[in-house]
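# Analysis of the macromolecular model
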Amino acid sequence: VLNLTSRALELDAVRDAYAYFFSAIAYFNLNQLPEAEQRALKAEAIDRDHDEPLLQLLLAQIYEAKNDAADAASHLREYLKLAPESQDSDHLKKVLAEAQSPK
């Protein structure tokens, strides 16, 4: 996947949010969090119309893995706002509520 996304970015690094998104997923799955975060944030900057809500979920997962609860919650809220009818929305709302409750 990284080879394909790298090639796509060589062709159009300015407007291809999906290449950055899929590259971020690949880096996340390789546990290379700085690279995953950088690629996901680049995709987010390009995707100003929020055409891909899953990008917000990916950012939430990246920040959760980096133990950044505030940013993880922020992106999870954004995902739920953009995709309120998603299959996992009930589960994610519970996760968010638990993360925000005082311990």
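See above for the structure.
Definitions and cut-offs
- Residues numbered from 1 in each chain as written.
- Predicted model: local features only at pLDDT ≥ 70, side-chain atom pairs only at ≥ 80, totals over all residues.
- Heavy atoms only, no water.
- Phe/Tyr/Trp six-rings, centres within 6.5 Å; stacked < 30°, edge-to-face > 60°.
- Buried < 20%, exposed > 50% of the residue type's maximum accessible area, 1.4 Å probe, protein only.
- Core = buried A, V, L, I, M, F, W, Y, C linked by side-chain atoms within 4.5 Å.
- Helix = DSSP H or I, 4+ residues; strand = E, 2+ residues; numbered from the N terminus.
- Contact = heavy atoms within 4.5 Å.
- Salt bridge = Lys/Arg side-chain N within 4 Å of Asp/Glu carboxyl O.
- Expected span 1.5 Å × (residues − 1).

With that settled, consider the packing of aromatic side chains. Within the structure shown, the criterion is met by two aromatic pairs. Taking the centre distance of 5.2 Å and the plane angle of 55° together, the rings of F21 and F22 count as tilted. The partly exposed category is assigned to F22, whose relative accessible area is 41%. In textbook terms, an aromatic cluster arises when at least three aromatic residues are bridged by ring pairs, as seen for Y18, F21 and F22.

Once that is clear, we can look at the nonpolar core. It is characteristic of soluble globular proteins that their nonpolar side chains tend to be buried jointly. In terms of nonpolar packing, the biggest core is built from 13 residues, with F21, A40, A43, L55, L58, L59 and I62 touching the most fellow members. Broken down by secondary-structure element, the contributors of at least two residues to this core are α2 (17-29), α3 (33-46) and α4 (54-65). A per-element tally of this core places α4 first, with five residues. If we ignore the near neighbours within four places in the chain, the residues touching A40 are A24, L55, L58, L59 and I62. Of all hydrophobic cores here, the second largest spans nine residues; its members include A60, Y79, L80 and A83.

Enumeration according to the criterion identifies two salt bridges in this entry. For E37, the salt bridge goes to K66, with nearest N and O atoms at 2.4 Å. One end of the pair, E37, is in helix α3; the other, K66, is in the loop between α4 and α5 (69-82), and 29 residues separate them in sequence. The class of E37 is buried, set by a relative accessible area of 15%. According to the relative accessible area criterion, K66 is partly exposed, its value standing at 36%. A salt bridge links K81 to E78; its shortest N-O distance comes to 3.4 Å. Taken together, the residues span about one helical turn, with K81 and E78 both in helix α5 at a distance of three residues. The exposure class assigned to K81 is exposed, which follows from its relative accessible area of 58%.

Note on placement: K93 falls in helix α6 (residues 89-100). Look at K93 and you get partly exposed, because its relative accessible area is 42%. A C-alpha to C-alpha distance of 7.7 Å links K93 and L80, two positions 13 residues apart in sequence.

Moving on: α4. For an α-helix, 3.6 residues make a turn, and residues three or four places apart therefore share a direction. In this model, α4 (12 residues) spans 16 Å end to end at C-alpha, consistent with the 16 Å of a helix rising 1.5 Å per residue. All buried positions along α4 are accounted for by L55, Q56, L57, L58, L59, A60, I62 and Y63. Of the surrounding elements, those touching the buried residues of α4 are α2, α3, α5 and α6.

Fair warning: the whole summary comes from geometry, so function is off the table for now.
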